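Observations on the three-dimensional arrangement
Given next are the chains, with one letter for each unit.
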Amino acid sequence: MKNFACMDEKHIIVNYTIRPSQIRLGWIINAFMLILFSTCISAGQNFSHPRLYISNDTKEDFKRDIETSVWKNKYVDQRRARVEKYLRYCQEDQNWLVSRLQMNWKTTHDKVYLKGGDFSHSSGKAPVPTVRFSGSRDWAAEYRRPPLEEVEPYFDDPRGFYLKNQQSGEKEWVHPAETGFMIDKTNEQLMSIASDAAFLYWYTDDPKYAELAAPVFLTYIEGMFYRDAPIDLENSNQQHISGLATFEVIHEGILISLVSVYDFLHDYLEANGYNLQNSVAVFQKWGDQIIKNGIPDNNWNLFQARFLTYIAIVLDHNESYENGKGRQYFLDHTFNTSTDRQIALSESLLEYDQNTGIWPESASYSVHVITTLLRIITLLDHATNNNELANYDVIEKASLASFQYLFPNGYTIGFGDSKHKPLPPENFELLISNYRKYGAMEKEKLMSHLLNQMIEDGLYERKVKDLFQLFFYVDHINVDPTEKSKLSSLVTPTFYAPNVSLFNQRLGTGDEAIMASIAGSKGNHTHANGISLELFANNYAMGPDMGKGPSYWHEEHRDFYSRFPAHNTVVVDRRSDYEAMRSNHPFTIENSYPKSGNKTSDFDKITYAHVSFLEPTTISEQQRFTALIKSNLLTERGYVVDVFRSMKQGGGDELHEYIYHNIGQKIEFKSSDGQLLTPLPTEELNASKGELKGFNYFTDQGKIETAQDVTALFAIESEDKVDNLMKVWIKGDEGQTIFSVKSPKSNAISEGTAPADLVDSPLPTFIISKQKESWESPFALVFNPYFEEGENPIANVVYSSIEKYPRAQIIEVALSDGETKDQLVINASENDIAKNDDFYQNGFLSVKRFAGSSGEFDFLFLSGMNKYQQDGWEISAIGKVFTAAIERSTEGYTIHSDQPIEVILKHPLSSKPPVINFYENGINVGSRNARRNRHNEQQVIFKIDKKYEKVELTYPSKIKK
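Residues numbered from 1 in each chain as written. Predicted model: local features only at pLDDT ≥ 70, side-chain atom pairs only at ≥ 80, totals over all residues. Heavy atoms only, no water.

**Overview of the nonpolar core**
Here is the rule: Among the buried residues, those of types Ala, Val, Leu, Ile, Met, Phe, Trp, Tyr and Cys that are joined through side-chain atoms within 4.5 Å form a nonpolar core. Burial classes follow relative accessibility: with a 1.4 Å probe on protein chains only, a residue under 20% of its type's maximum area counts as buried, one over 50% as exposed, and anything between as partly exposed. Here, two residues are considered to be in contact whenever any of their heavy atoms come within 4.5 Å of each other.
Residues Y53, F199, Y220, W286, L470 and F471 are the most contacted members of the largest nonpolar core, which totals 141 residues. Beyond its immediate chain neighbours, meaning those up to four positions away, Y53 contacts I256, S260, D263, F264, Y310, L379, H382, L467, F468, F471 and F472. Judged by nonpolar contacts, the second largest core, of 58 residues, contains V640, F695, A712 and L758.

So, in structure tokens, the structure goes:
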């Protein structure tokens, strides 16, 4: 049991007890809420201001810390310089700043009307100028937001706004609905200046800063006090998501500046006779709007909770207000009490996958959710000093799980509406702050090293961006220079997140690192992409996802970026589609290796995923097999195998098209005999017959009609670097057409995942088109990344099949040493059979690496296997299908198997049977000789009865004496 001691408003110690069973899952349950709502906040903060970020009790300590922290002191100096600029303006015109507020200065309208996601008009009459509402829910405006120096004072014109068109450069009168976020962003900018000034007043005790901030704050507060919440004339969903200032309650960013001004100026305003009742009323009204509105089943709950936390902490006890809506009221709705459109934190956190720590949205949104949660917890913890993070262990789990989103170069993957970015350093800054505050030294050390690695890699520079960071970031991070970052311990060779339908594979390190990210469509901020693939190699996202369009309401996003043609996937009949944004079309994992989340694997030369999917519009079965395989080069540079099957359930006429986008300046095609293939101009790819509109976005169309195997070479050319190349070996097929096109730029890539000069460039793209089912003869490709003057692991790729077993796709990869080959046999399922001469496979996958014709392999990898037979080896499942790896060693073979198996192998009668040794935790736990096969004396047989750490097969003749 855990005891808490808190002070009530008479400073009397009150003890509360929480049982371990109540806090096991980390949720704030009723007993904890009693503590919180009995104001488990130090007495010095309960009844004095400021208290949001700091109290006057620690002011002098804070000032001393600032003086010794160069980077924090720099921020304070920057704020001072910023505010001084506007002080000079106000010396010439005392209303310079306040007059730039976007208000109904002349009309003083108190009613706001919307038409769906756009502002319609305002009306009514208030006794003071009121705050103007935002122009549109869509931020993608065609007009430039003017700097404050160009904003007309007291502007309020019935004609709308006179703004510069970003395309023409000419000024035009436009309706507010065409201005996007201009109105609210201008007000946010002005209030952020007021917030800086309020902070500087507290920091310096110089009243000039208060005199600058107060009029801006009070004018806005009065204007919002007398203005009603907006009404949607269409009574659409917009009515249930609007805030007081913007179209979404999660975009009420000005509220944080308002609360900060109130907190730092509270005593000044009271001392100068200002009545703060309207300020309290506005915060209460704003809080009620946030509680009433929203979208209850995604990240909105958490963004809204952050605003509610700010409101709650600056308000006093419920008993201080006639309506009873004070600190406890809003904290209760933040943490414990859910409404129809605002789910409490305790319930919202159940949306996390408790096993993986993954939030059910695309990567960029998921990591932002972590930041938001940490800000909420940090604010609350500053008030309670009760290690609030310990009550929410899933937040720590999510923070560490977010590393699984990373490409090898430290940028996040791009599925759905994501963009390639480093993880938010703030997440680790705030964890460090918590760990240091509560003495969690080992955790602090881990986070400090990870943050320092980001700094050393050029992904982060410690600098303050806002008051929150100024007060809550530690001044110095403690790093032991003799220890290295443990980033590698936070990512695994494979990682599966079912709640977002994501499977990542990683292989290799440094320049040789490759990664494949496979995404379906599940959760929020998803796209209609089928089974999409994103490839990383040669230090770049070579085959990137495309990210989101200019805005979610923009036609480019609706028709292209969120649809199949923008993704590395297969489209059926040019009609494959389903709902984007909030989707429930995940893939199913059929087979994979190694097990998701395992930090190491028994066999480190291969990873793979085999997933299936039903495309709902054309009712098509689809499967994708993607494998990463290390070569035999000393650098172990690898390659990627991709086999995609697709067929309509109903049969009939079919068109299946494999789309792949790659960064680069150009793409070049060659036939299997090395002849250059020039695409012939065409305009076939379009939506003229009701196909997906996304095909209209492909330009510079050309086509090659050939049944031959083809290579496509993507080149990233640079003056100061060797060419960065992606060679794709494409399987030929009868009636196959390859289109070469330019695709719109990827909005996912950044200068961290592509060369700077290619970030805004169209992507060279090929589309492999088959007018027949592609199940028995699937799309098959080998992706071969290398540098022009570096090692290229592949000399040639040959595709073949077995006539009687057409589902079996055989791929033979000749490695660059001229001797070694990798042979892959990929069936459609674990139950399929492939048989030819002495080869037999009843199972999904076999990969054999061998040199010459001796039949002796370097390794044999089998997965989803019932029985495999070739070159004197016969390996059978005793019960369940198995995954096994057999590697040649100096004295025999090392075997790993995840299930019981029986092994029969050719062995001359004249030789002693091999010895089988079984190991667990590095210790030999058993040994026996293989026995002669009673059906064939030229064979030996042995069984492996369960999964062992490893099994060694040793030939007595090869044992060193």
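Still more to cover.
**Let's talk about the side chain of D156**
For the record, the criterion: Numbering of helices and strands starts at the N terminus; helices are DSSP runs of H or I of at least 4 residues and strands are runs of E of at least 2. Under the convention used here, Asp and Glu are negative, Lys and Arg are positive, and both His and the chain ends fall outside the count. A pair is scored as a salt bridge if a Lys or Arg side-chain nitrogen falls within 4 Å of a carboxyl oxygen belonging to Asp or Glu. Distance and chemistry together define a polar contact, namely a pair of N or O atoms within 3.5 Å, with one atom able to donate a hydrogen and the other to accept it when in protein, and with adjacent residues in sequence counting only for side-chain atoms on both sides.
As for its placement among the helices and strands, D156 is situated in the loop between β6 (130-131) and β7 (161-164). Of the side chains with opposite charge, R132 lies nearest to the buried D156, which makes no salt bridge, at 4.1 Å. For D156, the side chain forms a polar contact with the main-chain nitrogen of T107, separated by 3.1 Å. Sequence-distant contacts of D156, that is, excluding residues within four places in its chain, are made with M103, N104, W105, K106, T107 and R132.

**What about the pairing of strand β31 (residues 774-787)?**
Cut-off, in case you're wondering: Strand pairing follows a simple DSSP-based rule, namely that at least 2 bridges must link the two strands.
Counting buried residues in β31 gives 13 out of 14 residues, a clear majority hidden from the surface. Relative to β31, strand β21 (residues 638-648) runs antiparallel, the two sharing 6 bridges. When the sheet's bridge partners are listed, S646 is paired in β31 with S774. Alignment of strand β28 (residues 724-730) against β31, held across 7 bridges, turns out to be antiparallel. The partner of N724 across the bridge, within β31, is F787.

**A few points about the confidence of the model for the protein**
Defined as follows: Note on scores: pLDDT gives the predictor's confidence for each residue, bounded by 0 and 100.
When the pLDDT values of the protein are averaged, the result is 93; 94% of them are 70 or greater. Predicted confidence for residues 41-45 stays below pLDDT 50, and this span has 13 contacts to residues more than four positions away or in other chains.

**Section: the packing of aromatic side chains**
The geometry of an aromatic ring pair is captured by two quantities: the separation of the ring centres and the angle between the planes. As a reminder of what qualifies: Stacked, tilted and edge-to-face pairs are distinguished by plane angle, under 30 degrees for stacked and over 60 for edge-to-face with tilted covering the rest, among Phe, Tyr and Trp rings (Trp via its six-membered ring) whose centres lie within 6.5 Å.
Counted under the stated rule, the structure contains 59 aromatic pairs. Look at Y496 and F503: their rings are 6.2 Å apart centre to centre, the planes differ by 35 degrees, and that puts the pair in the tilted class. Judged by its relative accessible area of 24%, Y496 is partly exposed. You can call F503 buried: its relative accessible area is 1%. Ring centres of F625 and F844 lie 5.7 Å apart, and the angle between their planes is 70 degrees; on these two criteria the pair is classed as edge-to-face. With F625 in strand β20 (residues 620-630) and F844 in strand β36 (residues 839-851), this residue pair connects regions lying 219 residues apart in the sequence.

**Focus on the sheet that holds strand β22 (residues 656-661)**
Taken in spatial order, the 6 strands line up as β16-β22-β30-β29-β26-β25 in an open sheet, and their pairing is antiparallel. Both edges of this open sheet fall to β16 (570-572) and β25 (680-681), since each of them pairs with a single strand only.

**Looking at the pairing of strand β27 (residues 710-716)**
Within β27, 6 of the 7 residues are buried, which leaves it mostly tucked inside the rest of the structure. As defined by bridge partners, strand β23 (residues 666-671) adjoins β27 across 6 bridges and the pair is classed as antiparallel. By the bridge assignment, S671 is partnered in β27 with V710. The pairing of β27 with β28 spans 7 bridges and is antiparallel. Looking across to β28, one finds that T711 is bridged to W729.

**Observations concerning the side chain of S260**
Mapped onto the fold, S260 is located in helix α8 (residues 254-271). Setting aside its immediate chain neighbours within four residues, S260 contacts L52, Y53 and S195.

**Describing the packing of helix α13 (residues 363-384) against helix α15 (residues 425-437)**
The test is simple: For helices, the fitted axis covers only the stretch in contact; all axes are lines through C-alpha atoms, and the angles between them, taken along N-to-C directions, range from 0 to 180 degrees. Any angle from 65 to 115 degrees is called roughly perpendicular, while one under 35 is roughly parallel, one over 145 is roughly antiparallel, and all others are oblique. By convention the crossing between two helices is left-handed if the near helix lies anticlockwise of the far one by an angle smaller than a right angle, and right-handed if it lies clockwise. All residues other than Ala, Val, Leu, Ile, Met, Phe, Trp, Tyr, Cys, Pro, Asp, Glu, Lys and Arg, Gly among them, are scored as polar; the first ten of these are nonpolar and the last four charged.
Orientation of α13 relative to α15, taken along the N-to-C sense of each, is 30 degrees, at an axis distance of 9 Å. With respect to each other, α13 and α15 are oriented roughly parallel. The element α13 and its partner α15 pack so that their crossing is left-handed. Residues V367, I370, T371, L374, R375, T378, D381 and H382 of α13 lie in contact with α15, whose contacting residues are E426, N427, L430, L431 and K437. A breakdown of the residues in the contact of α13 with α15 according to their chemical character gives 5 nonpolar, 4 polar and 4 charged.

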